[in-house]
Amino acid sequence: MKTMEVKETKWEELSISNDFLFGKVMQDAELCKELLQRILPDLDIDHIEYPELQKTIKEDFDAKGVRLDVYVNDGKDTVYDIEMQAVTSKCLPRRSRYYQSMIDLQLVDKGQDYDTLNNSYIIFICLSELFRKGRYKYTFENVCKEDSEVMLNDGAKKIFLNGEGKTGKVSEELKAFLEYVSGRSSEDRFVKKLEHAVEKAKKNREWRHEYMTLLMRDRENQRIGKEIGKEIGKEIGKEIGKIYGAISVYKDLKFSEEEIITKLQTKFDLTEEEASQYLEEVE
């Protein structure tokens, strides 16, 4: 499940790049619509609708859940998922793939035809570079590798915006937004509206309480994780100590390396490579 990217930052110091605050600000339909229009200038987005605020998707009991920052549709059979990504990770492309699959599962009811699937855009707003090409915007859709003129036309597009971008044909308006997200000042009209919306959001006591609750939950999860890690570490340490002890005994008994490796594999359920590595460490 995607966790809130909440760090040890005071509520009053949050910026638009915090995914929690971004999701709250984007509950303003006009702001969300204008942002989408800047990202996708070729589309004519008349209005947007919110199927759910901060939508959470979990198709099966044992499936990995997904919490979407901003999930909207335009009433014209197109859905948009916008994710604020303060920390750029190399796993984002695969996360976008997973988000796409989970969204598709929600869009098609059992027994419906596949052609009822909505067109979709998954948009990651990244503060830093992911693809090392310096572009402001990277748009992906399925194209035939053998013939780039052949499109799959599956209706799915993925966009990664780069707050550190320097090249590429995008509007000055989109550049201004990316500069603002990255913490740089701008006199852009839309940016000023966002700044006002952020300050207004910080005065919302209910949202502040929700944020603080998430922070406390995150701290508790980290504490529990550390405690579990320590216990696991102790058990691993004990097991390794037993392995080293067994190697010393086998050496005293003048067993050959091959015999020691075989015995380690049997006694400690190790692969031959693992057993050999332990033996090398003792030597």
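Bear in mind the structure is a predicted one, so any value in this text is a computation, not a measurement. (Residues numbered from 1 in each chain as written. Predicted model: local features only at pLDDT ≥ 70, side-chain atom pairs only at ≥ 80, totals over all residues. Heavy atoms only, no water.)

Colleague: Tell me about the overall build of the chain, and please be specific about residues and values.
Modeller: The secondary structure content of the chain amounts to 8 helices and 7 strands. The burial tally for the chain puts 40% of its 283 residues in the buried class. Of all intrachain contacts in the chain linking residues separated by at least 6 positions in sequence, the fraction that spans at least 24 positions is 63%. (Helix = DSSP H or I, 4+ residues; strand = E, 2+ residues; numbered from the N terminus. Buried < 20%, exposed > 50% of the residue type's maximum accessible area, 1.4 Å probe, protein only. Contact = heavy atoms within 4.5 Å.)

Colleague: I'd like a rundown of the sheet that holds strand β5 (residues 119–126), residues and numbers included.
Modeller: Taken together, the 5 strands give an open sheet; going across it, the order is β3-β4-β5-β7-β6, and neighbouring strands pair in mixed fashion. Since the sheet does not close on itself, it has two edges, and those belong to β3 (70–73) and β6 (137–140), each with one partner. The mean angle between the axes of side-by-side strands here comes to 15 degrees, regardless of whether they run parallel or antiparallel. The sheet contact formed by β3 and strand β4 (residues 78–85) spans 4 bridges and is antiparallel. Among the inter-strand pairings, Asn73 is bridged to a residue of β4, identified as Val79. Sitting on the sheet, helix α3 (residues 92–107) touches β3, β4, β5 and β7 (156–162), and the angle it makes with β5 is about 145 degrees. (Pairing = 2+ DSSP bridges. Axes fitted to C-alpha atoms, helices over the stretch in contact; angles between N-to-C directions.)

Colleague: Explain the packing of aromatic side chains to me, using residue names and the numbers behind them.
Modeller: Enumeration over the complete set of coordinates arrives at 13 aromatic pairs. Residues Trp11 and Tyr211 carry aromatic rings whose centres are separated by 5.4 Å and whose planes lie at 45 degrees to one another, so their mutual orientation is tilted. Remark: Tyr211 occurs in helix α6 (residues 205–252) and Trp11 occurs in the segment before α1 (19–25); sequence separation between them is 200 residues. Here Trp11 falls in the buried class, since its relative accessible area comes to 1%. Plain terms: the ring middles of Phe131 and Phe140 are 5.3 Å apart, the flat faces sit at 50 degrees to each other, and that makes the pair tilted. Judged by its relative accessible area of 27%, Phe131 falls in the partly exposed class. Across from the ring centre of Phe255, 5.0 Å away, lies the NZ or CZ of Lys263, which sits over that ring. Across the ring face of Phe268, the terminal group of Lys267 is positioned such that the distance to the ring centre comes to 5.7 Å. (Phe/Tyr/Trp six-rings, centres within 6.5 Å; stacked < 30°, edge-to-face > 60°. Lys NZ or Arg CZ within 6 Å of the ring centre and 35° of its normal.)

Colleague: Tell me what's going on with the environment of Ser128, and back it up with residues and numbers.
Modeller: Within the element layout of this structure, Ser128 appears in the loop between β5 and β6. Its relative accessible area of 22% is what places Ser128 among the partly exposed residues. Aside from chain neighbours lying at most four places away, what touches Ser128 is Thr88, Asn162 and Glu164. Within the local environment of Ser128, its side chain forms a polar contact with the side chain of Thr88, the two groups lying 2.8 Å apart. (Polar contact = N/O pair within 3.5 Å; in protein donor to acceptor, adjacent residues only side chain to side chain.)

Colleague: Run through unusual backbone geometry, naming residues and quoting values.
Modeller: Despite not being glycine, Asn153 has its phi angle at roughly 55 degrees, a positive value. Its place among the elements puts Asn153 in the loop between β6 and β7.

Colleague: Give me the lowdown on the confidence of the model for the chain, citing residues and values where you can.
Modeller: Should the pLDDT be low somewhere, the predicted coordinates at that spot are not to be read in detail. Chain-level statistics for the chain give a pLDDT mean of 84 and a share of 85% at 70 or above. The element-level mean pLDDT for the chain is lowest in strand β1 (residues 56–57), coming to 56, with β6 highest at 98. Across residues 1–7, where pLDDT falls below 50, the model places 30 contacts with residues more than four positions away in sequence or in other chains. Predicted confidence for residues 60–64 stays below pLDDT 50, and this span has 5 contacts to residues more than four positions away or in other chains. (pLDDT = per-residue confidence, 0-100.)

Colleague: Can you break down the packing of helix α2 (residues 29–39) against helix α5 (residues 189–202) residue by residue, with the values?
Modeller: The description of two packed helices rests on the angle between their axes and on the distance between the axes. Contact geometry of α2 with α5 gives a least axis separation of 11 Å together with a crossing angle of 145 degrees. Here the hand of the crossing between α2 and α5 comes out left-handed. In contact with Leu31, Glu34, Leu35 and Arg38 of α2, α5 contributes Arg189, Phe190, Lys193, Leu194 and Ala197. The residue makeup of the contact of α2 with α5, split by class, is 5 nonpolar, no polar and 4 charged. (Left-handed = near helix turned anticlockwise from the far one by under 90°. Nonpolar A, V, L, I, M, F, W, Y, C, P; charged D, E, K, R; others polar.)

Colleague: Can you break down the pairing of β4 residue by residue, with the values?
Modeller: In terms of residue burial, β4 counts as a mostly covered element, since 8 of its 8 residues are buried. Every second residue of β4 is oriented toward a common face, with Thr78, Tyr80, Ile82 and Met84 on one face and Val79, Asp81, Glu83 and Gln85 on the other, all of them buried. Where β3 folds back on β4, the antiparallel hairpin that results is connected by 4 residues, among which Gly75 adopts a positive phi of roughly 75 degrees. Here 8 bridges tie β4 to β5, and the two strands are oriented parallel to one another. Each residue of the ladder has a partner; that of Val79, found in β5, is Ser120.

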